[in-house]
Amino acid sequence: MTPFAKTVYEVVRKIPKGQTRTYKQVASAAGRPGAYRAVGNILNKNFDPAIPCHRVIRSDGSTGGYNRGATKKKERLRKEGVLS
DNA sequence: CGTATGACGTGCA
DNA sequence: GTGCACGCCATAC
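Basis of the calculations
- Residues numbered from 1 in each chain as written.
- Chains lettered and ligands numbered in written order.
- Predicted model: local features only at pLDDT ≥ 70, side-chain atom pairs only at ≥ 80, totals over all residues.
- Heavy atoms only, no water.
- Near = heavy atom within 4 Å.
- Polar contact = N/O pair within 3.5 Å; in protein donor to acceptor, adjacent residues only side chain to side chain.
- Helix = DSSP H or I, 4+ residues; strand = E, 2+ residues; numbered from the N terminus.
- Salt bridge = Lys/Arg side-chain N within 4 Å of Asp/Glu carboxyl O.
- Buried < 20%, exposed > 50% of the residue type's maximum accessible area, 1.4 Å probe, protein only.
- Core = buried A, V, L, I, M, F, W, Y, C linked by side-chain atoms within 4.5 Å.
- Arc of directions from axis to C-beta.
- Contact = heavy atoms within 4.5 Å.

Undergrad: Just to check I follow, could you spell out the protein's contact with DNA strand B for this structure?
TA: If you check the shell around DNA strand B, you find 16 residues, and the closest are Lys 24, Arg 37, Leu 43, Asn 44 and Ser 59. What you see for DNA strand B is that sugar and phosphate hold 43% of its atoms within 4 Å of the protein. The separation between a base nitrogen of DNA strand B and a polar main-chain atom of Asn 44 is 2.5 Å. Between Gly 65 and DNA strand B, the recorded distance is 3.0 Å, taken from a backbone N or O atom to a base nitrogen. Among the elements of the structure, α2 (23-30) and α3 (36-45) are those that each provide at least two residues to the surface near DNA strand B.

What follows is the structure, encoded as C-alpha cells:
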C-alpha cells in the first residue's frame, strides 16, 4: 500500500453519502492534482467494500467504471439520489 | 531503469 | 453531441 493510495482511500472514504467526487478532486485532495489517472488505477485494484469508490465519478459527469461493473455503480448512485 | 497499462481529462475533427 | 488522439501519474513487470 503506497502512501498515495492510502490517502486516496481516506479521501474516498470521507465522501458523504448522496455526494460525489471527481477523480480530479480526489487526486487533488490526495496531494497529486495531476494524478487522477493513478487514482482510477488504484481504485480499480481496490476491492475494499468499506470504501465508497462508486461515489467517484468522471469530471464530465459520467459514472466511469466500477470494480463490480459500471451498471452496479449506476444503480448505487441512483439509489443514493445522485443520478436521476 | 524502461516499457506497458488504466475506474481519466482535455482538445479537436 | 459523439468519437479519436495525446498527455499525465502511479504501479506492475
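Undergrad: Looking at this structure, how should I read the pattern of salt bridges?
TA: Side-chain pairs of opposite charge can arise whenever the charged atoms involved come near each other. If you walk through the whole model with that rule in mind, you get 4 salt bridges. A salt bridge links Lys 14 to Glu 10; its shortest N-O distance comes to 4.0 Å. By relative accessible area, which is 31% here, Glu 10 ends up partly exposed. The partner of Arg 58 in a salt bridge is Asp 60, and the shortest N-O contact between them spans 3.4 Å.

Undergrad: I keep staring at the nonpolar core and nothing clicks. Help me out?
TA: Generally speaking, a soluble globular protein has its nonpolar side chains buried in company with each other. Ranked by size, the top nonpolar core spans 19 residues in total, and within it Phe 4, Val 8, Val 12, Val 26, Val 39, Leu 43 and Val 56 carry the most contacts. Of all the secondary structure elements, the ones that give two or more residues to this core are α1 (3-13), α2 and α3. Looking at this core, the element that brings in the most residues is α1, giving 6 residues.

Undergrad: Sorry, what's going on with α1 here?
TA: At 3.6 residues per turn, the α-helix brings residues three or four places apart onto the same side. Along α1, the residues that are buried comprise Phe 4, Ala 5, Val 8, Tyr 9, Val 11 and Val 12. In a view along the axis of α1, the buried residues occupy a sector of 165°, so they form one face of it. Opposite the packed face of α1, turned more than 90 degrees from it, sit the exposed residues Pro 3 and Lys 6. As for α1, its buried residues are in contact with α2, α3 and β2 (56-57).

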